[in-house]
Amino acid sequence: MGRLAGLVIGLEAAAVVVAYLAFGWPVLLIGIPALVGTAFVLLFVHLSEKPRARLQEVRAARYEEAPVPGGLMSGFFEVPAPRGVVEVDHTRA
């Protein structure tokens, strides 16, 4: 997550620099707040991932072994296995 967040911030900063070179200082009126907003969103996502990961660990520790997969319609969509082909001996007729 950290590398991806750094990549997003870096690409956005590069876009603001390129836009500044192409259009001048008015671009900074939108580019800088967008950059700060992106940083806040990434910080919020990073902080919200820690409790979610902790909750997942607690739920996983509840069971000694993994819960049994399947359910009410667990085999409904399975394709039946092909049956063996019976060979007929035509030489005895």
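Small disclaimer: the values here were computed from a predicted structure and weren't measured.

K.L.:
What am I meant to see in the overall build of the protein chain here?
P.N.:
If you tally the helices and strands in the protein chain, you get two helices and zero strands. Looking at the protein chain as a whole, 8% of its 93 residues are labelled buried. Accessible surface, the protein chain: about 8,800 Å² in total, of which carbon and sulfur atoms supply 68%.

K.L.:
Help me understand the UniProt feature "transmembrane region" (unreviewed entry) in the protein chain, please; the structure alone is not making it clear to me.
P.N.:
Taking the UniProt record as the reference, the feature "transmembrane region" (unreviewed entry) is found at residues 25-45. In the segment residues 25-45, helix accounts for 86% and strand for 0%; the C-alpha atoms at its two ends are 31 Å apart.

K.L.:
Could you clarify how one ought to interpret the packing of helix α1 (residues 2-23) against helix α2 (residues 28-61) in this entry?
P.N.:
Viewed as axis vectors pointing N to C, α1 and α2 meet at an angle of 180°, and their least axial separation amounts to 10 Å. The pairing of α1 with α2 is recorded here as roughly antiparallel in orientation. Each of A5, V8, I9, E12, A13, V16 and Y20 in α1 lies in contact with α2, whose residues at this interface are L28, G31, A34, L35, T38, A39 and L42. The residue makeup of the contact of α1 with α2, split by class, is eleven nonpolar, two polar and one charged.

K.L.:
Where do I start with α1 in this structure?
P.N.:
Note on helix geometry: an α-helix contains 3.6 residues per turn, so any two residues three or four positions apart are oriented the same way. Its 22 residues place the ends of α1 31 Å apart at the C-alpha level, agreeing with the 32 Å of an ideal helix rising 1.5 Å per residue. Burial in α1 covers these residues: A5, E12, V16 and A19. The arc that holds the buried residues of α1, viewed along the axis, is 70°, so those residues lie on one side. With respect to the buried face of α1, the exposed residues turned more than 90 degrees away are G2, R3, L11, V18, L21 and A22. Against α2 lie the buried residues of α1. Following α1 by one or two positions, G24 adopts a phi angle in the positive range, close to 100°.

K.L.:
Is there a simple way to think about a nonpolar patch on the surface in this case?
P.N.:
The grouping of V17, Y20, L21, W25, L28, L29, I30, I32, V36, F40, L43 and L47 at the surface amounts to a nonpolar patch, some 1,300 Å² of accessible area in total. Secondary-structure elements contributing two or more residues to the nonpolar patch are α1 and α2. Relative to the assigned elements, L28 resides in helix α2.

K.L.:
Help me understand the environment of I9 in this model?
P.N.:
Here I9 lies in helix α1. On the basis of relative accessibility, which here comes to 27%, the residue I9 falls in the partly exposed class. The spacing of I9 and A39 is 30 residues in sequence and 7.2 Å in space, taken between C-alpha atoms.

K.L.:
Can you help me understand the side chain of E12 in this one?
P.N.:
Along the chain, E12 falls in helix α1. Buried E12, no salt bridge; nearest opposite-charge side chain is R3, N-O distance 19 Å. Beyond its immediate chain neighbours, meaning those up to four positions away, E12 contacts A34, L35 and T38.

Calculation notes
- Residues numbered from 1 in each chain as written.
- Predicted model: local features only at pLDDT ≥ 70, side-chain atom pairs only at ≥ 80, totals over all residues.
- Heavy atoms only, no water.
- Helix = DSSP H or I, 4+ residues; strand = E, 2+ residues; numbered from the N terminus.
- Buried < 20%, exposed > 50% of the residue type's maximum accessible area, 1.4 Å probe, protein only.
- Areas by Shrake-Rupley, 256 points an atom, 1.4 Å probe, with all protein chains shown as cover.
- UniProt positions renumbered as here; feature names shortened; annotations may be inferred.
- Axes fitted to C-alpha atoms, helices over the stretch in contact; angles between N-to-C directions.
- Parallel < 35°, antiparallel > 145°, perpendicular 65-115°, else oblique.
- Contact = heavy atoms within 4.5 Å.
- Nonpolar A, V, L, I, M, F, W, Y, C, P; charged D, E, K, R; others polar.
- Expected span 1.5 Å × (residues − 1).
- Arc of directions from axis to C-beta.
- Patch = residues over 30% accessible without salt bridge, like charges linked within 9 Å, V, L, I, M, F, W, Y side chains within 5 Å.
- Salt bridge = Lys/Arg side-chain N within 4 Å of Asp/Glu carboxyl O.
- Lys, Arg positive; Asp, Glu negative; His and termini not counted.

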